[in-house]
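# Observations on the three-dimensional arrangement
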Amino acid sequence: MCGIVGAVAQRDVAEILVEGLRRLEYRGYDSAGVAVINQGELSRTRRLGKVQELSSALDAAPLAGGTGIAHTRWATHGEPSERNAHPHLSEGDIAVVHNGIIENHNKLREMLKGLGYVFSSDTDTEVICHLVHHELKAAGNLLAAVQATVKQLEGAYGTVVIDRRDSERMVVARSGSPLVIGFGLGENFVASDQLALLPVTRSFAFLEEGDVAEVTRREVNIFDVTGSPVKREIKESEVTHDAGDKGEYRHYMLKEIYEQPTAITHTLEGRIAGGKVLDSAFGENAAEFLKNIKHVQIIACGTSYHAGMAARYWLEDWAGVSCNVEIASEFRYRKSHLFPNSLLVTISQSGETADTLAAMRLAKEMGYKATLTICNSAGSSLVRESDMAYMMKAGAEIGVASTKAFTVQLVGLLMLTTAIGRYNGMSSEMEAAITQSLLSIPAKVEQALGLNEAIIELAEDFADKQHALFLGRGDQYPIAMEGALKLKEISYIHAEAYASGELKHGPLALIDADMPVIVVAPNNELLEKLKSNVEEVRARGGLMYVFADVDAEFESDDTMKVIQVPHCDEFMAPLIYTIPLQLLSYHVALIKGTDVDQPRNLAKSVTVE
Ligand code: HGA
């Protein structure tokens, strides 16, 4: 959340900064701003709304200057408005951008007011700005002032600070929110995600927790949490995907839905041989970690949590180990029981999800046998700090509502099921059947995408609806949950999912002609049970939309529209039934005219708790 970009260069940087913000806009889009130092003075432009508003303002009144910082905001403290937009200034000297939450901002604010500082925003961020200004008086240089400042901050920050009187330098600090330094020729950069800087460099160093760095055109000096100079490895980025391009598609989300066959193919490449999933898919020495596992604890948020919920069925049904799944923000603040030989699995598209990261750190302290992350972002905090990493090869996901990351996560979890099952009695025939299924997923997803036209028609029915129910059983229950989440996220229709056996325990009371009920019905051993649940809805005048296996023997009639889904085996069924639900939410959102890629109040890469 919140996008940060900074630059120290000889050329004017405002355009580079704004292009960086555009690439980070999925992280927050309620306001945006830029500040540059020009001939010893700070010039700042901020706008409420998307980066385009800022960009138009800068077209009308360009800002010159070689050192600058920029930010796209997802408000946590203070409403979205121009006065709360970053960068924040202190006394016209210091400018600051910040990602995170300063938890002791009230106390610091009172102290700074006592020193005579006047606050011009409602943000927590502004305390950083005045505190640096104050500390600078004693510290004498910007680096020391920022080091003194961060010692007083409680909470999370990725922050970049510039001083108009010292125009050749920016100082950056990280604790809890990611920052990456980009190395150019005679110019250097910083951003909250390397994607922002791909047009100007491919050489990056990720800051570690507690690092403070001083960045000039020629030098980058990094200091660790103790203040000692430290080197962070500079790596060439392997990111090949240019996130800036929607191609022929109207929205990133649609593009990403259609990219799923390729994303899954890339993710499978080199990881299956001889009917087996290679342990190396989970990183070096993975076999050593995996062979003793008897229990799996999965931690995730949002869509990733739904992927974890599906995996619980697989790990317990097929891999022969017990499994719990928990929302990260719950796990991290309660006392949980550690089972012997437990593996902690985190799932996060960005690898920077604040709650998931904190839960993983807690689990390490608790003594989990090993930690594994399933992640789409190489070099992210979760990848760096976990014992094992399963790298998804989904490519950058820009649409805020996750699509391809979800199905690729499911692929990773299915592979994990075999890798753990192998040491817990899974037969080689079973493993071969799962790997065979994995290899045929891309083609089957392609077939499922062929339902698009049928779903466009269906979507019309939802345009005037306020609510919807999603039903599934077994490992399709999490798929129903994910379908409901997609619909709420981008169409703002209130949607809930139930395990269909739960209907009669309450939700049936909601059924009437205004409550569409969406059912996912693959042909599995729960089909007859599901059919009974469908009858329960029908008997109460509900209108149903059933995504059913071609062999499941559902027929469309006045109360039910049936969409036939290509036949697929039980291993891949959750992935395949996800596709029509993604398309449904997309087309409903189109009809409703919502902002599909950047739905209201949301942002991607949830780096604040
Ligand atoms: N707390 C700051 C920054 C918010 C943020 O990091 N969002 O992701 C603010 O509200 O401006």
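All of these numbers come straight from a predicted model, not from anything done at the bench.

Right, let's talk about the overall build of the chain for a bit. If you tally the helices and strands in the chain, you get 18 helices and 27 strands. Against the compact-globule benchmark of 25 Å for 609 residues, the chain has a radius of gyration of 25 Å, which places it among compact chains. Within the chain, buried positions represent 61% of all 609 residues.

This brings us to the UniProt feature "active site" (unreviewed entry) in the chain. When the UniProt feature table is mapped to this numbering, "active site" (unreviewed entry) covers C2 and K604. Separation in sequence by 603 residues is not matched in space for these annotated residues, since their most distant C-alpha atoms are only 8.9 Å apart. Within the secondary structure, C2 sits in the segment before β1 (3–8). Mapped onto the fold, K604 is located in the segment after α18 (573–592).

Our next topic: unusual backbone geometry. In the segment running from H86 into P87, the intervening peptide bond is cis, with an omega of -5 degrees. Of note, P87 is situated in the loop between β4 (67–73) and β5 (88–90). The backbone of N601 sits at a positive phi, close to 70 degrees, despite the residue not being glycine. Assignment of secondary structure puts N601 in the segment after α18. A residue is classified by how much of its surface remains accessible, and N601, at 62% relative accessible area, is exposed.

So, on to the packing of aromatic side chains. In total, this model carries five aromatic pairs according to the counting rule given. Relative to Y390, the ring of F282 lies with its centre 5.5 Å away and its plane at 40 degrees, an arrangement referred to as tilted. Placement of F282 in the loop between β17 (276–277) and α8 (286–290) and of Y390 in strand β22 (residues 388–391) is noted, with a sequence separation of 108 residues between them. Take F282 and Y390: they sit in the same class, and that class is buried. An aromatic cluster of three or more residues is present, and its members are W314, W318 and F571. Between the NZ or CZ atom of K50 and the centre of the ring of Y29, over which it lies, the distance is 5.8 Å.

In this section: the nonpolar core. One finds F282, M415, L438, F470 and F547 to be the most contacted residues of the largest nonpolar core, which totals 94 residues. Beyond its immediate sequence surroundings of up to four residues, F547 is in contact with I455, L458, I518, V519, V520, A521, I563, V565, Y577, P580 and L581. Of all hydrophobic cores here, the second largest spans 32 residues; its members include L17, V34, L195 and L198.

Before going further, it helps to spend a moment on the sheet that holds strand β15 (residues 235–236). The strand order β3-β2-β4-β1-β10-β9-β11-β15 describes an open sheet built from eight strands, whose pairing is antiparallel. Sheet topology places β3 (41–48) and β15 at the edges, where each strand pairs with a single neighbour. Note that strand β9 (residues 180–183) and strand β11 (residues 203–206) share four bridges and pair antiparallel. Bridging from a neighbouring strand, I181 pairs with A205 of β11. Here helix α1 (residues 14–24) sits on the sheet in contact with β1, β2 (31–38), β4 and β10 (188–191), set at roughly 160 degrees to β1. Against the sheet, helix α2 (residues 51–60) contacts β2, β3 and β4, and its axis sits at roughly 135 degrees relative to β3.

Turning our eyes to something else, we now look at the sheet that holds strand β24 (residues 494–499). Judged by pairing direction, the sheet is parallel, and its five strands sit side by side in the order β24-β23-β25-β26-β27 without closing on themselves. The open sheet has two free edges, formed respectively by β24 and β27 (560–565), since each of these has just one partner strand. Adjacent strand axes in the sheet meet at a mean angle of 20 degrees, parallel and antiparallel pairs treated alike. One ladder, built from three bridges, connects strand β23 (residues 467–472) with strand β25 (residues 516–521); its direction is parallel. Paired with F470 across the bridge in β25 is I518. Against the sheet, helix α16 (residues 477–491) contacts β23, β24 and β25, and its axis sits at roughly 175 degrees relative to β24.

It is worth spelling out the site of the ligand at this point. Neighbouring residues of the ligand: 15 residues in total, closest C2, R73, T76, N99 and G100. Take T76: an N or O atom from its side chain is 2.7 Å from a nitrogen atom of the ligand. Within the backbone of H77, a nitrogen or oxygen atom sits 3.0 Å from an oxygen atom of the ligand. Sorting elements by how many residues they give to the shell around the ligand places strand β6 (residues 94–102) first, with three residues.

What follows concerns the UniProt feature "domain: SIS" (unreviewed entry) in the chain. Per the UniProt record, "domain: SIS" (unreviewed entry) is annotated on residues 286–426 and 458–599. Across residues 286–426 one finds 45% helix and 21% strand; the C-alpha atoms that close the span lie 18 Å apart.

Okay, the pattern of salt bridges next. Scanning the model with the defined rule gives 36 salt bridges in all. In this structure, the salt-bridge partner of K255 is E259, at a minimum N-O distance of 3.2 Å.

Another point: the pairing of β2. Most of β2 is tucked away, with seven of its eight residues classed as buried. Sheet topology places β2 next to β3; eight bridges connect them, and they run antiparallel. Within β3, the residue paired with A35 across the bridge is R44. Between the end of β2 and the start of β3, which pair antiparallel, lie two residues, with Q39 showing a positive phi angle near 50 degrees. Alignment of β2 against β4, held across seven bridges, turns out to be antiparallel. What sits directly across from V36, in β4, is G68.

Moving on, we get to a negative patch on the surface. A surface patch of like charges, here negative, comprises E316, D317, E525 and E570. Within the element layout of this structure, E525 appears in the loop between β25 and α17 (527–538).

The next subject is α16. In this model α16 runs 21 Å from its N-terminal to its C-terminal C-alpha over 15 residues, within 8% of the 21 Å that 1.5 Å per residue would give. Among the 15 residues that make up α16, 13 are buried, leaving the element largely enclosed by the rest of the structure. After α16 finishes, the residue Y492 shows a positive phi value of roughly 65 degrees.

What counts and how
- Residues numbered from 1 in each chain as written.
- Predicted model: local features only at pLDDT ≥ 70, side-chain atom pairs only at ≥ 80, totals over all residues.
- Heavy atoms only, no water.
- Helix = DSSP H or I, 4+ residues; strand = E, 2+ residues; numbered from the N terminus.
- Rg over C-alpha atoms; globule rule 2.2 N^0.38 Å.
- Buried < 20%, exposed > 50% of the residue type's maximum accessible area, 1.4 Å probe, protein only.
- UniProt positions renumbered as here; feature names shortened; annotations may be inferred.
- Phe/Tyr/Trp six-rings, centres within 6.5 Å; stacked < 30°, edge-to-face > 60°.
- Lys NZ or Arg CZ within 6 Å of the ring centre and 35° of its normal.
- Core = buried A, V, L, I, M, F, W, Y, C linked by side-chain atoms within 4.5 Å.
- Contact = heavy atoms within 4.5 Å.
- Pairing = 2+ DSSP bridges.
- Axes fitted to C-alpha atoms, helices over the stretch in contact; angles between N-to-C directions.
- Near = heavy atom within 4 Å.
- Polar contact = N/O pair within 3.5 Å; in protein donor to acceptor, adjacent residues only side chain to side chain.
- Salt bridge = Lys/Arg side-chain N within 4 Å of Asp/Glu carboxyl O.
- Patch = residues over 30% accessible without salt bridge, like charges linked within 9 Å, V, L, I, M, F, W, Y side chains within 5 Å.
- Areas by Shrake-Rupley, 256 points an atom, 1.4 Å probe, with all protein chains shown as cover.
- Lys, Arg positive; Asp, Glu negative; His and termini not counted.
- Charge placed at Lys NZ, Arg CZ, Asp CG, Glu CD.
- Expected span 1.5 Å × (residues − 1).

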